[in-house]
Amino acid sequence: MQWRLIARQEHVRVASLCCTWRVNGVNVGADGQRAWTHLQAQRSLKGFVLKHIVQPHDTLSALAVHYGVPVMEIRRLNNMMSDSISCRMHLYIPALVHLEQLAGRLLCYEYDQMSKRGFAIVQSCGPQEPLKPVQADPAKLAAKQKKLAALLASSLHIDEASAGYYLEAADGNIREAFAQAQQDARWAAAEGRQWRSLRQ
């Protein structure tokens, strides 16, 4: 009975998590027991996430390519019914695959009202040291970019090489790539009409 009381003490819980996951600290905030229950229940790296602050230019597909995770995993984790992220302030990304990514970081608990679940978030310990996403395997990343280009090509009725060019020019932002390709198509159509009229 004595050991249970000792195990429930906060400094013992923090030491246990720091030793297991090599983190520098733990912050449970105001969630108390729910936070400790969630954090101590983690048995693999799949239980930890990165928190991405959504920017105006972000798209779900671009984030998937950037972090090297499938779109469906991000949607499932964030309880999303569509690919639209315009109403989201942040997204949770399941991008941790190596224990070294936790080393020296701060482990936090957060309950998200949008997705209706709690998250074990890995954060940087200092303001000058941002947490970098996992670097995806180059072959897997190339395959994902090719798939993204194929989807864009299918939507715009263009070849995959052109779609790949627009994606590269837009730095992986599929929305910007789509808009630029449509703008070029309108320009080409206008030039085509002008060229035909001149020949006539």
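Above: the structure in question.
Read on for a plain summary of the structure. (Residues numbered from 1 in each chain as written. Predicted model: local features only at pLDDT ≥ 70, side-chain atom pairs only at ≥ 80, totals over all residues. Heavy atoms only, no water.)

### Focus: the overall build of the protein chain
Along the protein chain, the regular secondary structure elements total eight helices and five strands. Traced from its N-terminal end to its C-terminal end, the protein chain shows the element sequence α-α-β-α-β-α-α-β-β-β-α-α-α. Burial analysis of the protein chain (200 residues in total) assigns 37% to the buried set. For the protein chain, restricting intrachain contacts to residue pairs at least 6 apart in sequence, the fraction spanning at least 24 positions comes to 54%. Looking at the protein chain as shown, the accessible area adds up to about 12700 Å², and 55% of this sits on carbon and sulfur atoms. (Helix = DSSP H or I, 4+ residues; strand = E, 2+ residues; numbered from the N terminus. Buried < 20%, exposed > 50% of the residue type's maximum accessible area, 1.4 Å probe, protein only. Contact = heavy atoms within 4.5 Å. Areas by Shrake-Rupley, 256 points an atom, 1.4 Å probe, with all protein chains shown as cover.)

### Focus on the packing of aromatic side chains
If you walk through the whole model with that rule in mind, you get three aromatic pairs. Ring centres of Tyr92 and Phe119 lie 3.9 Å apart, and the angle between their planes is 15°; this geometry places the pair in the stacked category. Of the two residues, Tyr92 is situated in strand β3 (residues 90-93) and Phe119 in strand β5 (residues 117-123); the sequence distance between them amounts to 27 residues. A relative accessible area of 2% places Phe119 in the buried class. Residues Tyr165 and Tyr166 carry aromatic rings whose centres are separated by 5.4 Å and whose planes lie at 65° to one another, so their mutual orientation is edge-to-face. Given the relative accessible area of 54%, Tyr165 is considered exposed. Looking at Tyr166, the relative accessible area reads 13%, which means it is buried. Taking the ring centre of Tyr111 as reference, the NZ or CZ of Arg34 above it sits at 4.3 Å. (Phe/Tyr/Trp six-rings, centres within 6.5 Å; stacked < 30°, edge-to-face > 60°. Lys NZ or Arg CZ within 6 Å of the ring centre and 35° of its normal.)

### Focus: helix α4 (residues 60-67)
α4 sits mainly inside the fold: seven of its eight residues count as buried. Three or more residues of α4 are buried, namely Leu60, Ser61, Ala62, Leu63, Ala64, Val65 and Tyr67. Following α4 by one or two positions, Gly68 adopts a phi angle in the positive range, close to 75°.

### Considering the sheet that holds β5
Strand order in the open sheet formed by five strands is β1-β4-β5-β2-β3, and the pairing between neighbours is mixed. In this open sheet, the two strands that pair with only one neighbour each are β1 (25-27) and β3. If you compare each strand with its neighbour and ignore which way they point, the axes differ by 40° on average. Pairing of β1 with strand β4 (residues 106-112), which is carried by three bridges, proceeds in the parallel orientation. When the bridges of β4 are listed, Val26 appears paired with Leu107. Across the sheet, helix α3 (residues 33-40) is in contact with β1, β4 and β5; its angle to β4 comes to roughly 115°. (Pairing = 2+ DSSP bridges. Axes fitted to C-alpha atoms, helices over the stretch in contact; angles between N-to-C directions.)

### Brief notes about the pairing of β4
As judged from the seven bridges shared by β4 and β5, these two strands associate in the antiparallel manner. From the neighbouring strand, Tyr111 faces β5, where its bridge partner is Gly118. Counting the residues that bridge the hairpin from β4 to β5 gives four residues, and of these Lys116 lies at a positive phi of roughly 60°.

### Considering the nonpolar core
Across soluble globular proteins, you tend to see nonpolar side chains buried next to one another. Counting residues in hydrophobic clusters, the biggest one holds 30 residues, and the most contacted among them are Val26, Leu39, Phe48, Leu91, Ile93, Leu102 and Leu107. Every element with two or more residues in this core is listed here: α2 (10-21), α3, β2 (48-53), α4, β3, β4 and β5. Considering every element that reaches this core, the biggest residue donor is α4, with four residues. Those residues within four positions of Leu107 in sequence are excluded, and the remaining contacts are Val23, Gly25, Val26, Asn27, Leu39, Phe48, Ala120, Ile121 and Val122. In this structure, Val65, Ala149, Ala153 and Leu156 belong to the second largest nonpolar core, which totals twelve residues. (Core = buried A, V, L, I, M, F, W, Y, C linked by side-chain atoms within 4.5 Å.)

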